[in-house]
Amino acid sequence: MAVIDLRSDTVTRPTAEMRRAMADAEVGDDVYGEDPTVNALEAAYAERVGKEAALFVPSGTMANQLALRLLTAPGTAVVTGRRQHIVLYENGAGGRNSGVQFTTVADDDGTLDPADITAAIDAAAHHQPRPSLVCVENTHMPADGAPWPLDRLRAVKHAAAGLPIHLDGARLFNAEVATGTSAADYAAQATTVMSCLSKGLCAPVGSVLAGPADVMAAAREERQRLGGGMRQAGVIAAAGLVALRTMVERLADDHRRARRLAEAVVDRWPDAGCDPARVRTNVVTWRHAHTERALDHFAAEGVLAGTIAPGVLRFVTHHDIDDDAVERACKVVAAAP
Ligand SMILES: *Cc1c(COP(=O)(O)O)cnc(C)c1O
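Residues numbered from 1 in each chain as written. Predicted model: local features only at pLDDT ≥ 70, side-chain atom pairs only at ≥ 80, totals over all residues. Heavy atoms only, no water.

Under the defined criterion, the tally for this structure stands at four aromatic pairs. Between Y45 and F173 the ring centres are 6.5 Å apart and the planes differ by 75 degrees, which places this aromatic pair in the edge-to-face class. Taken as a pair, Y45 in helix α2 (residues 36-49) and F173 in helix α8 (residues 172-179) lie far apart in primary sequence, 128 residues in all. For the pair Y45 and F173, one class covers both residues: buried. (Phe/Tyr/Trp six-rings, centres within 6.5 Å; stacked < 30°, edge-to-face > 60°. Helix = DSSP H or I, 4+ residues; strand = E, 2+ residues; numbered from the N terminus. Buried < 20%, exposed > 50% of the residue type's maximum accessible area, 1.4 Å probe, protein only.)

As C-alpha cells, this is what we get:
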C-alpha cells in the first residue's frame, strides 16, 4: 500500500498540468530580466497580493532572508513570534546574514499581541535593542496553521508605528481560503510579503517575495549576492503560474482533512493539546512524551509524521492525501502508543 506521507506539504509533486507547462515554458536569462515566464509569475503574484513588484526566489527561506537584508540594519532587532520560521527554522540565518537579533514575543495562538510590539519599541528608550522590523507568520505553522484575523493584523500594523512589517505568508493562500480574507487584504498591512509555491500549491520549487518597486529592485540585487540568480528559471516558474491559477481553491480539502485527523488525535490523546476546533488549515500538532516511539509505530503502519520541537508531533495534509488516506491514518492513530 502507498505510504501516507503527512510529514509536510513540501512533499507534493507537480501536477500533470504543471509538467506540461514546464515542458512548454518560454524561457530566457532571468538574471538579465529576460525570462518571460518568470516575469509573468512575478506579475501574477504581485497582482494577487496587491504589491507593485515581485521577485521569484529559490525558497521561502531566501525570501525571508531578503526581507531581513532589505528592511533591517545590523545590530537592530526584529520583533517576531517566538516560534516563527524566521526564528526557529532557518538555522540562525538572520544573525548570520543580516546581523539582526530577534525580540521574540508570545505567539501561542499564532498572532502577536499589539501591546507586545509597543513594549518592544518602547524598550529601545531603556537601553534595549532598537526594533527595525516586525515579522508575522500567516498561517502560523506551530499554532496548527492558524490564520490571522485581519483586524488583529491591522492592530499590529498600528502598534508598529511606521516600522516596516514583513509577512511570512509561506501558507498565505491557506489563510485566504480558511478565512475568506484575500491575500491582498492581508498583504496591505505589510511592506513585504512572501509565499511558497512549493508547499500546498504543489509547484516543485520556488517562492515569491513582493513589495514596493524600489524594495524589490534592491531585492533583485540582494538575491544575486546570495547566489539566487537562476537564469532560465521559467521552467520552474511555469509550474508556479499553474499553482497560483489552479491549486488555491482546493486547499479547502486539505483543511477539512486536517480537521478529521485532529479529531482522531484528540480521541487517542485527549490531553495532548490538540483541539480540532483550532485546526482551520492543514497543520495538526500535539504533544507526545515519546515521539520516536509514536513515529516508529506510524512508519511501521505506512504513515509518515514529523516533529517540530522536542515532544511535539505534526501531521500536514496536502494534495497527495485523499479521504481514504486520512481514514487509514486515523486508524493508525487510534492504535498508536
Ligand atoms: C516552509 C516555510 C518557510 C520556508 O520555506 P522554504 O521554501 O522551505 O525555505 C518560511 N516560513 C514558513 C512559515 C514556512 O512554513
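Glancing now at the site of the ligand. Lining the immediate surroundings of the ligand are S59, G60, T61, N64, H85, E137, D168, A170, R171, M194, C196 and K199. R171 has a polar side-chain atom sitting 3.0 Å from an oxygen atom of the ligand. Within the contact set of the ligand, an oxygen atom lies 2.6 Å away from a side-chain nitrogen or oxygen of K199. Contact with the protein chains hides 84% of the accessible area of the ligand, taken as 380 Å² for the molecule alone. (Near = heavy atom within 4 Å. Polar contact = N/O pair within 3.5 Å; in protein donor to acceptor, adjacent residues only side chain to side chain. Areas by Shrake-Rupley, 256 points an atom, 1.4 Å probe, with all protein chains shown as cover.)

In summary, soluble globular proteins display a tendency toward joint burial of nonpolar side chains. Membership of the largest hydrophobic core comes to 48 residues, with the highest contact counts inside it found for Y45, F56, V134, V136 and L201. When residues in this core are grouped by element, the largest group, six residues, is from helix α11 (residues 234-246). Beyond its immediate sequence surroundings of up to four residues, V136 is in contact with Q84, L112, W148, L153, V156, I165, H166, L167 and D168. One finds L6, A272, A294 and A325 within the second-largest nonpolar core, a separate group that totals 28 residues. (Core = buried A, V, L, I, M, F, W, Y, C linked by side-chain atoms within 4.5 Å. Contact = heavy atoms within 4.5 Å.)

This part takes up the domain arrangement of the protein chain. Under the domain assignment used here, the protein chain contains domain 1 (16-246) and domain 2 (250-334). Tallying the contact residues gives 16 residues for domain 1 and 15 residues for domain 2. Around 1400 Å² of area is buried between domain 1 and domain 2 when both sides are counted, 54% of it from carbon and sulfur atoms. Of all residues in domain 1, M141, D144 and N174 bury the most surface against domain 2, accounting for 39% of the area lost on that side. The tally of links from domain 1 across to domain 2 stands at one salt bridge. Here D144 ties to R278 by a salt bridge, and the two come within 2.6 Å at their closest N and O atoms. (Domains from an automatic or database assignment. Buried area = accessible area lost by both parts, 1.4 Å probe. Salt bridge = Lys/Arg side-chain N within 4 Å of Asp/Glu carboxyl O.)

In this section: the packing of helix α6 (residues 114-122) against helix α7 (residues 150-160). Angle between the axes and distance between the axes: these two values describe a pair of packed helices. With their axes 8 Å apart at the nearest point, α6 and α7 run at an angle of 15 degrees to one another. It follows that α6 is roughly parallel to α7 by the angle criterion. For the pair α6 and α7, the sense of crossing is right-handed. From α6, P114, I117, T118 and I121 reach across to α7, where they touch R152, A155, V156, A159 and A160. Taken together, the residues of the contact of α6 with α7 sort by class into seven nonpolar, one polar and one charged. (Axes fitted to C-alpha atoms, helices over the stretch in contact; angles between N-to-C directions. Parallel < 35°, antiparallel > 145°, perpendicular 65-115°, else oblique. Left-handed = near helix turned anticlockwise from the far one by under 90°. Nonpolar A, V, L, I, M, F, W, Y, C, P; charged D, E, K, R; others polar.)

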